[in-house]
Amino acid sequence: MRPLNKAKRPNLTFGLVLLLTSLVWIPSASAVDLDEDQMVAQHNRWRKLAGVPPITYSDDLADSAQAWADRLQEDLHCTMQHSQSNGRYGENIYWASPAIWSDGRREIQEITAKTVVDKWGTEQRDYDYKRNRCRKGKLCGHYTQVVWKTTTAVGCGFAVCDDTLEQVWVCHYSPAGNWTGQRPY
């Protein structure tokens, strides 16, 4: 077999670099979808099922929710903690781990507004309307805030912790719900 002359030798180095760069996954928040229209639509879907009026999206509440999501990311390293709103607004929070593959690779989960609100909404099954409380050992306060009859607006934010690829979602509601002794609807 005769060697290829230099002019016809393929550039294997360039091909290898191209192959390697196409295999590198660079995480970005684009895997996360905070679609305001979808956020309101999913809230209103659950509200309609409960027989309460629809809500609208609030940029002011979204700014507040985003500020808290950023704080959870920056100061608390995506540890879940409620803000101290003192009744100024209601709040739901949601956390998602990264997707972890068997080879150890980590990716941001593709979470949508629908996923987040539906997770809160499924707590409906654990809410006992007759007794106005959650079933024993269950959570349902996210659901009751979503469907709180007097709430008229929602605004949401999210953040991704770059080193862990965890994500936090925050929604703020006005007027606040989940008042002790009151029913959501």
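The coordinates are above.
Described below are features of the structure shown in this document. Note that the structure is a prediction, hence the values are computed from the model and not measured.

Examining unusual backbone geometry
Of note, the amide linkage connecting Ser174 to Pro175 takes the cis form, showing an omega dihedral of -20°. Backbone geometry at Cys78 places phi at a positive 65°, although glycine is not the residue there. The residue Cys78 is located in the loop between α3 (59-74) and β2 (90-96) in this model. Backbone geometry places Asn178, a non-glycine residue, at a positive phi of 60°. Structurally, Asn178 can be placed in the segment after β8 (167-174).

Overview of the packing of aromatic side chains
Within the structure shown, the criterion is met by five aromatic pairs. In this structure an aromatic cluster arises from ring pairing among Tyr127, Tyr129, Tyr143 and Tyr185. Arg45 extends its terminal NZ or CZ atom over the ring of Trp46, reaching a point 4.9 Å from the ring centre. One Lys or Arg, Arg183, reaches over the ring of Tyr129 and ends 4.8 Å from the middle of that ring.

Description of the environment of Asn178
In this structure Asn178 comes out as partly exposed when scored by relative accessible area, which is 37%. Between the C-alpha atoms of Asn178 and Gly87, which are 91 residues apart in sequence, the distance is 9.9 Å. A distance of 2.9 Å separates a polar atom in the side chain of Asn178 from the backbone oxygen of Gly141. At 2.4 Å, the side chain of Asn178 forms a polar contact with the side chain of Thr144.

Comments concerning a negative patch on the surface
Residues Glu36, Asp37, Asp59, Asp60 and Asp63 make up a contiguous surface patch of negative charge. Elements that contribute at least two residues to the negative patch include exactly α2 (36-50) and α3. Sorting elements by how many residues they give to the negative patch places α3 first, with three residues. Among the structural elements, Asp60 can be located in helix α3. Taking relative accessible area as the criterion, Asp60 reaches 63% and is therefore assigned exposed.

How each quantity is defined
- Residues numbered from 1 in each chain as written.
- Predicted model: local features only at pLDDT ≥ 70, side-chain atom pairs only at ≥ 80, totals over all residues.
- Heavy atoms only, no water.
- Helix = DSSP H or I, 4+ residues; strand = E, 2+ residues; numbered from the N terminus.
- Phe/Tyr/Trp six-rings, centres within 6.5 Å; stacked < 30°, edge-to-face > 60°.
- Lys NZ or Arg CZ within 6 Å of the ring centre and 35° of its normal.
- Buried < 20%, exposed > 50% of the residue type's maximum accessible area, 1.4 Å probe, protein only.
- Polar contact = N/O pair within 3.5 Å; in protein donor to acceptor, adjacent residues only side chain to side chain.
- Patch = residues over 30% accessible without salt bridge, like charges linked within 9 Å, V, L, I, M, F, W, Y side chains within 5 Å.
- Areas by Shrake-Rupley, 256 points an atom, 1.4 Å probe, with all protein chains shown as cover.
- Salt bridge = Lys/Arg side-chain N within 4 Å of Asp/Glu carboxyl O.
- Lys, Arg positive; Asp, Glu negative; His and termini not counted.
- Charge placed at Lys NZ, Arg CZ, Asp CG, Glu CD.

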